[in-house]
Amino acid sequence: MTATRLADRAIVRLAPMEDGESAAGFLQGLLTNDVTGELPAYAALLSAQGKTMFDMIVWPGPTSEHGTTILLDCEAAVADDLAKRLSLYRLRRKIEIVRDDSLSVHWSAEPTGSHPDDPRLAALGARWLAPSDDSEAADEAWRKHRLRLGVAEGQAELGDILWLETNAVELNGVSFSKGCYIGQENTARMNWRQKVNRRLVVVPLDRSEEKRRKAEYPELGLAVDHLRVTDIPQDLV
């Protein structure tokens, strides 16, 4: 049986703790995408300057005693940091924000017929959540698949990069009509002025520029570079 579990991913759960509270409403004022509509959706939590802090896929969770929960599919290595960061914005809102190790993230390069496509790009394959188990991990196959499609993710590849420079528009990771969120001003200005001067690009490792390199994968012969748009080779566009 083909492995599907992504061991390098984890779930952060947000649940309302009193009637009238909304986990989606709370996140709506923080994340780059509209999370009150159709889910799953790709989104990020940015700095005030519009730089990427955490990227994630937002899933609808089960209905709890006080309303619908929201599940954030994020890097396992930073899940605790994400929960802590979100808790800073919670103030007095009655919302529980915790890492939920009872669930795991799964992926299949081929359509399953019962799970949705990755909201970033259908070619990435099907994605879903399921109860945690000790099944074989598929992280290496996933990394190879997404990088060959030119898709970067996680803090090592995206961290401290302006959100629009991570190809967020092309990967359905931003809404320009949802209203305010952290980092929205600079993000909207870049879009309005069409001033995305740099991009993250997956390149062959032997063509990577060390000074522009965000991450490298020698076993795949690939790297993720942060390049000026004018410097991107035409065969990689």
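Structure first, text after, so check above.
Engineer: What exactly am I supposed to notice about the nonpolar core here?
Structural biologist: Generally speaking, nonpolar side chains in soluble globular proteins are found buried as a group. Within the largest apolar cluster, 32 residues are counted, with the highest numbers of intra-cluster contacts made by L6, Y42, L147, L158, W163 and V224. Mapped by element, the contributors of at least two residues to this core are β3 (41–46), β4 (52–64), β7 (103–108), α3 (139–148), β9 (198–204), β10 (213–217) and β11 (222–228). In terms of residues, this core owes the most to one element, β3, which gives 3 residues. Here L6 is in contact with V105, W107, R127, A138, D139 and W142, once residues within four sequence places are set aside.

Engineer: Could you clarify how one ought to interpret the layout of surface pockets in this entry?
Structural biologist: Empty space among the atoms becomes visible once a probe the size of a water molecule is rolled across them. Within this model, the second largest pocket holds a volume of roughly 230 Å³. Together, 13 residues line the second largest pocket, and D8, E75, R143, R146 and E153 are the ones closest to its centre. Taken together, the elements giving at least two residues each to the lining of the second largest pocket come down to α3 and α4 (155–158). If one sorts the elements of the lining of the second largest pocket by residue count, α3 sits on top with 4 residues. Among the residues forming the lining of the second largest pocket, the class breakdown is 3 nonpolar, 2 polar and 8 charged.

Engineer: What is the right way to read the pairing of β10 from this model?
Structural biologist: Two faces make up the sheet, and in a regular strand the side chains alternate between them. In the sheet, β10 pairs with β11 via 4 bridges, with the strands oriented antiparallel. Counterpart to E216 in the pairing with β11 is A223. Between β10 and β11, which follow one another and run antiparallel, lie 4 residues, and G221 among them has a positive phi close to 70°.

Engineer: Mind showing me how you'd approach the sheet that holds β11 here?
Structural biologist: Two orientations exist for strands paired in a sheet by backbone hydrogen bonds: parallel and antiparallel. Spatial ordering of the open sheet is given by β9-β11-β10, a layout of 3 strands whose pairing is antiparallel. With partners counted over all chains shown, the strands left at the sheet margins are β9 and β10, one partner each. In this sheet, adjacent strand axes meet at a mean angle of 25° when their direction is disregarded.

Engineer: Can you walk me through the packing of aromatic side chains in this structure?
Structural biologist: Each aromatic ring pair is summarised here by two numbers: the centre-to-centre distance and the angle between the ring planes. Considering all chains together, one arrives at 2 aromatic pairs under this definition. Geometrically, the ring pair formed by Y42 and W163 is tilted, given 5.5 Å between the ring centres and 45° between the ring planes. Pair noted here: Y42 is in strand β3 and W163 is in the loop between α4 and α5 (184–193), with a separation of 121 residues, a long-range link. Just as Y42 is buried, W163 falls in that class too. Relative to W142, the ring of W107 has its centre 5.3 Å away and its plane inclined at 65°; by these criteria the two rings are edge-to-face. Highlighted residues: W107 in strand β7 and W142 in helix α3, separated in sequence by 35 residues. Comparing W107 with W142, the two get one shared label, buried. The ring of Y42 carries the charged tip of R120 above its face, separated from the ring centre by 5.3 Å. Positioned above the aromatic ring of W142 is the side chain of R127, whose terminal nitrogen or guanidinium carbon lies 5.3 Å from the ring centre.

Engineer: Teacher, can you tell me more about the pattern of salt bridges here?
Structural biologist: On inspection of all chains with the given rule, the structure shows 18 salt bridges. Note that R146 is salt-bridged to E153, the shortest N-O span being 3.5 Å. Note on R146: relative accessible area 4%, which makes it buried. One salt bridge connects R189 with E185, and the closest N-O pair in it is separated by 3.1 Å. Taken together, the residues R189 and E185, both in helix α5 and 4 residues apart, mark about one turn of the helix.

Engineer: How should I be thinking about unusual backbone geometry in this particular structure?
Structural biologist: Note: most residues except glycine have negative phi, and most peptide bonds are trans. For the bond running from L39 to P40, omega is 10°, close enough to zero to count as cis. Relative to the helices and strands, P40 is located in the loop between α1 (23–28) and β3. Positive phi, normally seen in glycine, also occurs at L91, with a value near 55°. As for its position among the elements, L91 is in the loop between α2 (79–90) and β6 (95–99). Given a relative accessible area of 74%, L91 falls into the exposed group.

About the thresholds
- Residues numbered from 1 in each chain as written.
- Predicted model: local features only at pLDDT ≥ 70, side-chain atom pairs only at ≥ 80, totals over all residues.
- Heavy atoms only, no water.
- Core = buried A, V, L, I, M, F, W, Y, C linked by side-chain atoms within 4.5 Å.
- Buried < 20%, exposed > 50% of the residue type's maximum accessible area, 1.4 Å probe, protein only.
- Helix = DSSP H or I, 4+ residues; strand = E, 2+ residues; numbered from the N terminus.
- Contact = heavy atoms within 4.5 Å.
- 1 Å grid on protein atoms, 1.4 Å probe; cavity = no way out; pocket = protein on both sides within 12 Å on 5 of 7 lines; lining within 4 Å.
- Points joined across faces, edges and corners; volume = space filled by probe spheres on them.
- Nonpolar A, V, L, I, M, F, W, Y, C, P; charged D, E, K, R; others polar.
- Pairing = 2+ DSSP bridges.
- Axes fitted to C-alpha atoms, helices over the stretch in contact; angles between N-to-C directions.
- Phe/Tyr/Trp six-rings, centres within 6.5 Å; stacked < 30°, edge-to-face > 60°.
- Lys NZ or Arg CZ within 6 Å of the ring centre and 35° of its normal.
- Salt bridge = Lys/Arg side-chain N within 4 Å of Asp/Glu carboxyl O.

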